[in-house]
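Each chain is listed here by its residues.
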Amino acid sequence: MSELPVSAVLPALLTALQQAPQVLLAAPTGAGKSTWLPLQILQQTDFSGRILLLEPRRLAARNVAQRLAEQLNQQPGATVGYRMRAETRVGPDTRLEVVTEGILTRMLQQDPMLEGVSLVILDEFHERSLQADLALALLLDVQQGLRDDLKILLMSATLDNQRLSAMLPAAPVIISEGRSFPVERRFSALPTHLRFDDAVAREVSQLLRDESGSLLLFLPGVGEIQRIKTLLEERTGSDVDLCPLYGALPLSEQQRAILPAASGRRKVVLATNIAETSLTIEGIRLVVDSGLERSGSFDLRSGLTRLQTQRISQASMTQRAGRAGRLEPGLCLHLISKEQAERAASHADAEIINSDLSALWLELLQWGCHDVSQLTWLDQPPSSALQAAAELLTSLGACDASGKLTVKGRRMAQLGSDPRLAALMIDAGSNAERVATATLLVAILEEPPRNGSSDLRDCFQRVQPHWQRRARQLQRRLGVGAAQADSDYLLPLLMAAFPDRLARRRGQQGRYQLANGIGVQLDDDHALTRYEWLLAPLLLQSGAQADARILQALPVDIDQLTQQCPQAIKSVTAVEWDEEKGTLRAWRRQQIGALVLKAQPQAKPEPEELHPAMLNWIREKGLSVLNWTPEAEQLRMRLACAAQWLPQEEWPASDDQSLLATLERWLLPMMDGVRDLKGLRQINLANALLQLLTWAQRQRLNSALPTHYTVPTGSRLPLRYDATLPPVLAVKLQEMYGEAQNPCVADGRVPLVLELLSPARRPLQITRDLAAFWRGAWPQVQKEMKGRYPKHTWPDNPATTPPTRK
């Protein structure tokens, strides 16, 4: 083991750990940073506390812990142990703990001091998982405020060193040499006339015929793994074992993929990007890289994570190729052209950029952080995703109107589960049967059957052992004894966590609409399509598919729902345009989100109901339904210009989006007596917009950006404002005699555009520099005007000539 490449930098690393609070280690795949280095740090440093080794995936955590323990001739749970969801193997003598990401976050929340811990190692940090970024932010906060003796080691095969060094300028960067054996890398784009599955299967079977050794095939997802496995069964010899490898596989099948092939046999491991890092897959000499991965991107509108297939980064290609050189010289075939590979992004986007941040925001609130800028991030969480997270947590009862954690929210945070699932368990209360139902439901939703029924009732009737184990663990965490789950509790529990996922059938072909307004679907012949109402907690949005697919659902009796969950139903007054009668009509509706249960027309609704409904109708239709007079339009333009030219003063926004958002402030006060569209269009919008301004702002606007300008003759002429162009003054040229300089607005900052008109009010000249016009173009204009209007005054020096209206 001492010949592992990372051993060459061990002395420098140990020195850096003694001297610096944070250390960065870049070590390629196969260098031994996960399965050898942590033991050396444990044995060769004088750290008094434990070492925590963070691994991003459960399979990798278990595998790394096993390998580290074997080097000590021990089993996990002695010197080396591990902690992950639903499984813990640590003992009183454990000094090196391999933990998964969620476990580390929960340890920090329960003990911010991390008592008894000297070093935290974040492995495979280049994956930039959401939990790893959160863990680093919290650890740095602990270092700065509570534990200046705590050490942090960031390890990866492809660290983004430049950005990390900028964020952690005091951290030494240790770089280990390359892998133990060379890997030949070939690039070959798949033929376009073949389906992806067929083309990949052909390349793999050909490589197996041409080369010796076992093969690792990287594919974007489980669907491709299953289809290509079927194709390879027909094309490979009887001495080849085909082993899928992905996160949702049972542990026994995952181990089969990791262990070496039996004597005299070869294996083909068909894996997702779970096999890129940490896992040592024995006996691999050949790698085939499809160049693709499936990643999630959170859609703020639908509240769903959309799975999309995309090209991997150059860093991932390097990682995948490295799998071929662990034990002997290897070969990696990338199924894209070399030009495509060179155009790929250097690193993949951090998960925090494109994820649902509700769990992260709940963690931050529990940490006491209400402003993400208070922590140190490599990529700061996007504000739009944080806003969506805050709205979801408020709807679940985890936050109050001010954004602070409620009692329920604190209990949810302590559970460490997805916020929706945590809300489901908290809403079960202390009733043992409700809790048993809730925890079993959570276990099913955490790991749903991949090829089983989509009907949640079937899952409850065919409970799997791993669901039962997980449910019992959750019951212990909730402090409630074991009991029998009862499917009668399913509907109210699911409504507590997924009220926006209630679905109603619309039309045919398995199409439904959710309470949040988006469309979802089932296969046409699916047994659940016979139900008008479903509650669908698990959905899948993939690729360019318009409607999300329902993965798990519960049939709903809507009458039963109204009885069991009356709090979910809102009484809403709405206004619609009646095309037949050409008027607005008011309706009283019983709704769950966007789904209408019952609607009744309202003859004369009270203004308190009617006016908010009319404002909602305006928001739906847009500001164009109102009567925008020239005076009102000009006031909007002046406000837009004031914000641009006098930015030091706080002017209200006047764009469509802002005005629609503030209708209650400026339009509602003017709606007294308004009951229909005619009354709505009679509102003086100029007066209404003034509701947005204080008295001082009105005075300031009138003085700095007046509606009229008084010219030298005393005529008060209107100004025309535009949001993007300078204001315009149209004036007879002779009324500007005696004006030496160009008039301005906005405290002299913005010259007016002068449209100088003839006595017949036809444009003669357009200028923003009157003095230059008098000096330059005036003689030519004077000559032309004398010939056309000989009785008028056309002086040689108009800047000093008295003005005239004649």
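Note that this is a predicted model, so its numbers are computed, not measured.

1. Points about the side chain of S176
Working step 1: One can find S176 in the loop between β8 (173-175) and β9 (183-187).
Working step 2: When near neighbours in sequence (up to four residues on either side) are disregarded, S176 contacts P5, V6, V9, A26, A27, P28 and A31.

2. Topic: the side chain of R128
Working step 1: Tracing the sequence through the fold places R128 in the loop between β6 (117-122) and α5 (130-145).
Working step 2: Judged by its relative accessible area of 8%, R128 is buried.
Working step 3: Filtering out sequence-adjacent residues up to four positions away, R128 remains in contact with D133, R163, A350, E351, L378 and D379.

3. Some remarks on the environment of L96
Working step 1: Along the chain, L96 turns up in strand β5 (residues 96-100).
Working step 2: The spatial distance from the C-alpha of L96 to the C-alpha of L52 is 6.0 Å, given a sequence separation of 44 residues.

4. Topic: the sheet that holds strand β7 (residues 151-156)
The pairing of strands in a sheet happens through backbone hydrogen bonds and is either parallel or antiparallel.
Working step 1: On the basis of which strands lie adjacent, the open sheet formed by eight strands has the order β4-β3-β5-β2-β6-β7-β1-β8 and mixed pairing. The open sheet has two edge strands with one neighbour each: β4 (87-89) and β8. Averaged over all adjacent pairs, the angle separating strand axes in this sheet is 20°, with direction ignored.
Working step 2: In this sheet, β7 lies alongside strand β1 (residues 22-26) in parallel orientation, the contact comprising five bridges.

5. Some points on the environment of L72
Working step 1: In this structure, L72 sits in the loop between α3 (58-71) and β3 (80-84).
Working step 2: As a C-alpha pair, L72 and L441 span 369 residues in sequence and 40 Å in three-dimensional space.
Working step 3: Setting aside residues up to four positions removed in sequence, L72 forms contacts with L39, Q43, T79 and V80.

6. Some points on the packing of helix α4 (residues 101-110) against helix α12 (residues 358-367)
Working step 1: In the contact formed by α4 and α12, the axes pass within 10 Å of each other and the chain directions differ by 20°. Looking at the two axes, α4 sits roughly parallel to α12. The chirality of how α4 crosses α12 is left-handed. Across the interface between the two elements, T105, L108 and Q109 from α4 touch E363, Q366 and W367 from α12.
Working step 2: Considered class by class, the residues forming the contact of α4 with α12 number two nonpolar, three polar and one charged.

About the criteria used
Residues numbered from 1 in each chain as written. Predicted model: local features only at pLDDT ≥ 70, side-chain atom pairs only at ≥ 80, totals over all residues. Heavy atoms only, no water. Helix = DSSP H or I, 4+ residues; strand = E, 2+ residues; numbered from the N terminus. Contact = heavy atoms within 4.5 Å. Buried < 20%, exposed > 50% of the residue type's maximum accessible area, 1.4 Å probe, protein only. Pairing = 2+ DSSP bridges. Axes fitted to C-alpha atoms, helices over the stretch in contact; angles between N-to-C directions. Parallel < 35°, antiparallel > 145°, perpendicular 65-115°, else oblique. Left-handed = near helix turned anticlockwise from the far one by under 90°. Nonpolar A, V, L, I, M, F, W, Y, C, P; charged D, E, K, R; others polar.

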